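# Results of the structural survey
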Amino acid sequence: MKVHGKPMRSIWLAPDAQAAEAIDQTRLPHALVTVRLTTLDEAAHAIRSMQVRGAPLIGATAAYGVWLALRADASDGALEHGLAVLRGTRPTAVNLHWALDDMRQLLAPLPPAERVAAALRRAEAISDEDVAINRAIGAHGLKLLEDAWARKGRQGRLEVLTHCNAGWLATVDFGTALSPIYQAHDAGIPVHVWVDETRPRNQGAQLTAWELGQHGVPHTVIADNVGGHLMQHGQVDLCIVGTDRTTAQGDVANKIGTYLKALAAKDNGVPFYVALPSPTIDWTLRDGVREIPIEQRDGTELSDVTGRLASGEVATVRITPEGSPAANYAFDVTPARLVTALITERGVCPASHDGLLSLFPERRGRAE
Ligand SMILES: CSC[C@H]1O[C@H](OP(=O)(O)O)[C@H](O)[C@@H]1O
């Protein structure tokens, strides 16, 4: 996407080809800072600390992380160590595990001398594939937004609510949930986005709002608990969110609070869509509530808030009493029954096993 008019991805090969570079998302929206990743540990830290975040971007970063590990040591032991370190960074986004399995399947059979070049080629291919997938999700999602706009008589604004950040910052480019919104905006549909702030890491307030502003998409930041009220008053035409892991039955793991938004949407007859790139489908799982691992992060992400002072200085302040414990669950699971449809790169389908198999028939009968 463009930043100050200049095309940009969220992660890229450094011009000297000796590192990966990425936008440090912990510095947005107050500063646009690039972080240079030269080692396995720097790549792992970038994922763990959420300098890079979002399921597809986590997968791409992990692929570059394997390349960085092998640049230092291309032995079997170093490959396995690198895969293990990266696999241990964050548990919920299945793209991380898909990308690492993909890299291992490619690299383990190769002679060490061939591994570094092959790893970089694959990391770049994974990034390019993500961009193509997200463009396609945008095109399929655009049709849903055009239909919603037509149903509304093309009057006023098309009101879309989104949760967290599933924009181009959460991917290599274009985003998943925001991709149809960008394409609708560019097609001249007067779309307006209600942006859930998404406590505690504020991916909506700090990242989605920044992205939409950069592209000129009208939006309003709201507290996480406002969405149900807006839906009750007819101010939301549809919801569209991303996902970190979706089961073969269509249960959707996404940022904490997504489930509550889906319940409000169901209660108010508001369509609830999930933008789902295929590397985010976990074909091995059926019951998402029972089986998807939910990341718990440090309580200081809840007790502390970082922002910019009037002086322009960025500071962190504590908002909870000293000694009050904080529980920081990072994801929840929305059962398929609350999902209107899944928007994949191959088209739109019901949130069900048959729905997914209709778009991915090659998965029928495979023992996962
Ligand atoms: C397109 S994946 C975006 C997905 O990832 C986010 O989680 P996090 O910011 O913790 O990496 C959130 O669940 C988004 O919907």
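If you're wondering where the values come from, they're calculated on a predicted model, not measured in any experiment.

## Points about the sheet that holds strand β5 (residues 34-37)
- Spatially, 3 strands are ordered β3-β4-β5 in an open sheet, and the strand pairing comes out antiparallel. Looking at the sheet topology across the chains shown, the edges are occupied by β3 (11-13) and β5. Taking each pair of neighbouring strands and ignoring which way they run, the sheet shows an average axis angle of 25°.
- By the bridge criterion, 4 bridges tie strand β4 (residues 20-23) to β5 in an arrangement that is antiparallel. Bridging across to β5, I23 finds its partner in T34.

## Details of the site of the ligand
- Around the ligand, the surrounding shell holds 17 residues, and the nearest of these are R53, R90, D244, N254 and K255.
- At a separation of 2.9 Å, an oxygen atom of the ligand approaches a polar side-chain atom of Q203.
- In the model, an oxygen atom of the ligand is placed 2.5 Å from a nitrogen or oxygen of the N254 side chain.
- About the coverage of the ligand: the protein hides 100% of its 400 Å² of free accessible area.
- Considering only residue class, the shell around the ligand consists of 7 nonpolar, 6 polar and 4 charged.
- Taken domain by domain, the shell around the ligand gets at least three of its residues from each of domain 1 (2-129) and domain 2 (139-363).

## Overview of the UniProt feature "active site" (unreviewed entry) in the protein
- As recorded in UniProt, the feature "active site" (unreviewed entry) lies at D244.
- Structurally, the position occupied by D244 is in the loop between β9 (238-241) and β10 (245-247).
- Looking at D244, the relative accessible area reads 9%, which means it is buried.
- Setting aside chain neighbours within four positions, we find D244 in contact with A55, T92, A93, V94, N95, A253, N254, K255, T280 and F331.

Rules used throughout
- Residues numbered from 1 in each chain as written.
- Predicted model: local features only at pLDDT ≥ 70, side-chain atom pairs only at ≥ 80, totals over all residues.
- Heavy atoms only, no water.
- Pairing = 2+ DSSP bridges.
- Helix = DSSP H or I, 4+ residues; strand = E, 2+ residues; numbered from the N terminus.
- Axes fitted to C-alpha atoms, helices over the stretch in contact; angles between N-to-C directions.
- Near = heavy atom within 4 Å.
- Polar contact = N/O pair within 3.5 Å; in protein donor to acceptor, adjacent residues only side chain to side chain.
- Areas by Shrake-Rupley, 256 points an atom, 1.4 Å probe, with all protein chains shown as cover.
- Nonpolar A, V, L, I, M, F, W, Y, C, P; charged D, E, K, R; others polar.
- Domains from an automatic or database assignment.
- UniProt positions renumbered as here; feature names shortened; annotations may be inferred.
- Buried < 20%, exposed > 50% of the residue type's maximum accessible area, 1.4 Å probe, protein only.
- Contact = heavy atoms within 4.5 Å.

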